[in-house]
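# Observations on the model geometry
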Amino acid sequence: MVEIRFHGRGGQGAVKGSDILAMAAFKEGKEVQAFPSFGVERRGAPVTAFTRISDTPIRIHCYIYDPDILVILDPTLIGAVPLTDGLKPGGKVILNTSRQPVDFSFPATREPKIYTVDCSSIAVRYGLGTPQAPIINTAILGSVAKATGLVSIESVMEAIQEKIPHRSAENAKAAREAFDETRD
Amino acid sequence: MKKVLTGNFAAAYGATAARVNVIAAYPITPQTTIVEILSEIVANGELKAEFVKVESEHSALAACIGAQAVGARTFTATSAQGLALMHELIHWSARARLPIVMANVNRAMAPGWSIWADATDSISERDTGWMQIYCENNQEVFDSILMSYKIGENPDIMLPTLVNLDAFFLSHTSQVVDLYSPEEIDAFLPSYKPEHILDPDKPSSFGALTSPEHYYEFSYKIQKAHEEAKKVIQTVAGEFQKTFGRFYGLVDPYRCEDAECVLVCYGTIAGTAKEAVDALRETGVKAGVLRIRYFRPFPGEEIRRILEHVPKVGVIDRSISYGNRGPFFTETRDCLSGVQAGLYGFIAGLGGRDVSLKDIQGMVDIMRKDTPNPLIWIGVKDVC
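Scoring rules and cut-offs
- Residues numbered from 1 in each chain as written.
- Chains lettered and ligands numbered in written order.
- Predicted model: local features only at pLDDT ≥ 70, side-chain atom pairs only at ≥ 80, totals over all residues.
- Heavy atoms only, no water.
- Helix = DSSP H or I, 4+ residues; strand = E, 2+ residues; numbered from the N terminus.
- Rg over C-alpha atoms; globule rule 2.2 N^0.38 Å.
- Buried < 20%, exposed > 50% of the residue type's maximum accessible area, 1.4 Å probe, protein only.
- Contact = heavy atoms within 4.5 Å.
- Areas by Shrake-Rupley, 256 points an atom, 1.4 Å probe, with all protein chains shown as cover.
- Lys, Arg positive; Asp, Glu negative; His and termini not counted.
- Charge placed at Lys NZ, Arg CZ, Asp CG, Glu CD.
- Disulfide = S-S within 2.5 Å.
- Pairing = 2+ DSSP bridges.
- Axes fitted to C-alpha atoms, helices over the stretch in contact; angles between N-to-C directions.
- Polar contact = N/O pair within 3.5 Å; in protein donor to acceptor, adjacent residues only side chain to side chain.
- Salt bridge = Lys/Arg side-chain N within 4 Å of Asp/Glu carboxyl O.
- Phe/Tyr/Trp six-rings, centres within 6.5 Å; stacked < 30°, edge-to-face > 60°.
- Lys NZ or Arg CZ within 6 Å of the ring centre and 35° of its normal.
- Core = buried A, V, L, I, M, F, W, Y, C linked by side-chain atoms within 4.5 Å.
- pLDDT = per-residue confidence, 0-100.
- Parallel < 35°, antiparallel > 145°, perpendicular 65-115°, else oblique.
- Left-handed = near helix turned anticlockwise from the far one by under 90°.
- Nonpolar A, V, L, I, M, F, W, Y, C, P; charged D, E, K, R; others polar.
- Right-handed = clockwise from strand over helix to strand, strands pointing away.

This part takes up the overall build of chain A. Secondary structure summary: chain A contains five helices and six strands in total. If you list the helices and strands of chain A from N to C, you get β-α-β-β-β-β-β-α-α-α-α. Here chain A has a C-alpha radius of gyration of 15 Å; the compact-globule value for 184 residues is 16 Å, and the two agree. Dimensions of chain A, computed from C-alpha atoms along their principal axes, come out at roughly 40 × 35 × 35 Å. Counting all 184 residues of chain A, 56% fall into the buried class. The long-range share in chain A, meaning contacts at least 24 apart out of those at least 6 apart in sequence, stands at 60%. Carbon and sulfur atoms make up 51% of the accessible area of chain A, which totals about 7500 Å². The averaged location of the 21 negative side-chain charges in chain A is 3 Å from the averaged location of its 21 positive side-chain charges.

This brings us to the state of the cysteines. All names here are of chain B. Under the definition given, this model contains zero disulfides over all chains. Among the cysteines around cysteine 64, which has no disulfide bond, cysteine 135 carries the closest sulfur, lying 18 Å off. The thiol of cysteine 261 is not disulfide-bonded; the next cysteine sulfur, from cysteine 256, is found 11 Å away.

Residues and elements named next belong to chain B. Strand order in this open sheet of seven strands is 3-2-4-5-7-6-12, and the pairing throughout is mixed. A strand with exactly one partner marks an edge of an open sheet, and here the two such strands are strand 3 (50-53) and strand 12 (294-296). Averaged over all neighbouring strand pairs, the angle between strand axes comes to 20°, with direction disregarded. Where strand 2 (residues 22-25) and strand 3 come together, four bridges link them in parallel fashion. By the bridge assignment for strand 3, valine 22 is matched with glutamate 50.

Right, let's get into the side chain of serine 114 of chain B. Residues and elements named next belong to chain B. Within the fold, serine 114 resides in the loop between strand 5 (101-106) and helix 6 (120-123). Classification of serine 114 as buried rests on a relative accessible area of 8%. Polar side-chain contacts of serine 114 include one of 3.1 Å to the backbone nitrogen of tryptophan 116. Ignoring anything within four residues of it in the chain, the contact list for serine 114 reads Arg107, Ala108 and Gly351.

For the structure on display, the rule yields 33 salt bridges over all chains. Here glutamate 181 of chain A and arginine 125 of chain A are joined by a salt bridge, their closest N and O atoms 3.4 Å apart. Here arginine 125 of chain A lies in helix 2 (residues 119-125) and glutamate 181 of chain A lies in helix 5 (residues 168-181), a separation of 56 residues in the sequence. In this structure, glutamate 136 of chain B engages arginine 291 of chain B in a salt bridge whose closest nitrogen and oxygen atoms are separated by 3.0 Å. Of this pair, glutamate 136 of chain B sits in the loop between strand 6 (131-134) and helix 7 (138-152) while arginine 291 of chain B sits in strand 11 (residues 287-292); the two residues are 155 residues apart in sequence, bridging distant segments of the chain. Taken together, the shared-partner salt bridges connect Glu136, Glu140, Asp252, Lys274, Arg291 and Arg293 of chain B into one network.

Right, let's get into the packing of aromatic side chains. If you walk through the whole model with that rule in mind, you get 19 aromatic pairs over all chains. For the ring pair tyrosine 134 of chain B and tyrosine 266 of chain B, a centre distance of 5.5 Å and an interplane angle of 70° mean the geometry is edge-to-face. Taken together, the residues span a long stretch of sequence, with tyrosine 134 of chain B in strand 6 and tyrosine 266 of chain B in the loop between strand 10 (261-265) and helix 10 (269-282) at a distance of 132 residues. For the residue pair tyrosine 134 of chain B and tyrosine 266 of chain B, the accessibility class agrees, reading buried in each case. Put simply, the rings of Phe142, Tyr180, Phe188, Phe240, Phe244 and Tyr248 of chain B touch in pairs and so form one group of aromatic residues. Here arginine 99 of chain A stacks its cationic end above the ring of phenylalanine 104 of chain A, 4.8 Å away from the centre of that ring. Between arginine 107 of chain B and the ring centre of tryptophan 113 of chain B, over which it is positioned, the NZ or CZ distance is 5.1 Å.

What follows is about the interface of chain B and chain A. Chain B puts 27 residues into the contact, and the matching count from chain A is 20 residues. Counting every contact that joins chain B to chain A gives two salt bridges. Where chain B packs against chain A, one counts nine residue pairs in polar contact (both at pLDDT 80 or more). Of all the elements in the fold, those that place two or more residues in the side of chain B that touches chain A are strand 1 (2-5), strand 8 (174-178) and helix 10 of chain B.

Take the nonpolar core next. One finds Ile34, Phe75, Phe142 and Leu146 of chain B to be the most contacted residues of the largest nonpolar core, which totals 61 residues. For this core, the element with the most residues is helix 9 (residues 215-244) of chain B, which contributes eight residues. In this structure phenylalanine 142 of chain B touches Ala10, Tyr13, Gly14, Ala17, Val177, Asp178, Leu179, Tyr180 and Ile185 of chain B, once residues within four positions along its chain are discounted. Residues Ile53, Tyr115, Ile164 and Ala174 of chain A belong to the second largest nonpolar core, which totals 48 residues.

We now examine the confidence of the model for chain B. A residue-level look at chain B finds 100% of positions with pLDDT of 70 or above and a mean pLDDT of 97. Quick note on the complex model: pTM equals 0.97, ipTM equals 0.94.

A separate point is unusual backbone geometry. Residues and elements named next belong to chain B. The peptide bond linking proline 111 to glycine 112 adopts the cis configuration, its omega dihedral lying at -10°. Relative to the helices and strands, glycine 112 is located in the loop between strand 5 and helix 6. With an omega dihedral of -10°, the bond running from arginine 296 to proline 297 counts as a cis peptide bond. Along the chain, the position of proline 297 falls in the loop between strand 12 and helix 11 (300-307).

This part covers the packing of helix 3 (residues 137-148) of chain A against helix 5 of chain A. Residue and element names in this part refer to chain A. Taken N-terminus to C-terminus, the directions of helix 3 and helix 5 make an angle of 40°; their axes are 7 Å apart at the nearest point. When the interaxial angle is binned, helix 3 and helix 5 end up oblique. Of the two elements, helix 3 crosses helix 5, and the hand of that crossing is right-handed. Contacts between helix 3 and helix 5 involve Thr138, Ala139, Gly142, Ser143, Ala145 and Lys146 from the former and Asn171, Ala174, Ala175, Ala178, Phe179 and Asp180 from the latter. Looking at side-chain class alone, the contact of helix 3 with helix 5 contains six nonpolar, four polar and two charged residues.

For the rest of this paragraph, the subject is the pairing of strand 14 (residues 342-347) of chain B. Residues and elements named next belong to chain B. Most of strand 14 sits inside the fold, with six of its six residues counted as buried. Burial along strand 14 is two-sided: the face carrying Gly342, Tyr344 and Phe346 and the face carrying Leu343, Gly345 and Ile347 are both buried. Sheet topology places strand 13 (residues 312-317) next to strand 14; six bridges connect them, and they run parallel. Across the sheet, residue glycine 314 finds its bridge partner in strand 14, namely tyrosine 344. Regarding topology, helix 12 (residues 327-335) serves as the crossover connection from strand 13 to the parallel strand 14, and that connection is right-handed.

See below:
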């Protein structure tokens, strides 16, 4: 079982993103689970969401404390929220930022592999959200596909088209572009 | 057909698959999407049913009672304060022997104002005569709604059922759910044909003045129906398994055969406990899980049969009966009367507090090292 924890801010779409990732894996025959951290979310407040992907039925029903993969939708959360808590040694971190992976360091004991991608710019190019508050959940799923190989970019794009009724083609293209632009 | 659904969608699709005739419900977080989806399904013609918009939960159940009394199959859904507002009519519907099915998203009672998981809302309805199921996953939510109509509508039972799902841990969690084919479901669950209905052409009454001459026997018959329901639940579980391949009994034992420590639990905590038990077994600890599916009728004999040779039994309650113990703990202890087991009562996860693998492993540690204790608070913070 692979456990993925999303960190974002209210309005960026972390919860929906966790759900779309589950849908993409389901399309590839996996057992899945996706859920938010159940707050009464407010725009801009830190939000956590979770996805589990497994070959066998998923029974566990608690939060994810030791994720294999972290997806960080907003780099301003670094330092503000204990993001890397429990991250498995050798885990992967996918960050929405215009900077390079070498610009970031996480606790050495975790030794995570860092991937960066400028989802905010991609989302703005495709008119997703506003330039001030772009909605980047669909784009960053392209990077998750690239960085982890958990799901194919095709499944991600299909799941986006099914789950996002508004501007679904643009959302899917944003994911493809993020897939291509992911840096490691 | 398999789909990725939240527990609330599974509940709404369960009612749809059961081809209910009347839905009356009032929205309350975290149940709201059940009502939203059903209103859409009725509005777009997918389900030919009457959707009654009401001004409160009390009215929702009242509308279901009226409709069920004239022969309709009805469904409603609620949570916490909404369930409490229905309380008078929860008694009424069971005593009138109307096999309504209600999904209750288990949510903590206020104050403090909370929308999170806690079973105290439904456990407060323990003595009303309703049957009660606690689900572990979204598939079970869908399946339990189908089975509850079949069990409740059995002429020997004629009782309503509360199908409980944990707030957020099921209601807002997406999981894979098999929805089967409509033909298979229709073959399993025929339409509702009650023996007695309110009919102007054949005048009769429900719930008329009942003197001490008769009230006592009405109560006796409700108790007999609950006892009979234990057999019907097993029969229907067998039929369900034959058609759909999944078995749901009164209880769900997991690795209990040779266990030295068994955790008795209900709802989603059971899934996490099963995972914890697998990890403990890897380290040589003989642990097991006994999930109680039906709180009413209470499966005392089944629990006793499974636990009578288990040295240590711990009960995890996501609820507390103030002034006493966890409610499932006291009921489990009652059916183990005379059994030489060390009993532990754990209170965990109230108001949606997460119950992690580590929490559950910690409970097994307590059972292995400490003396029996009927009231152990897990993870309580310093409140002094």
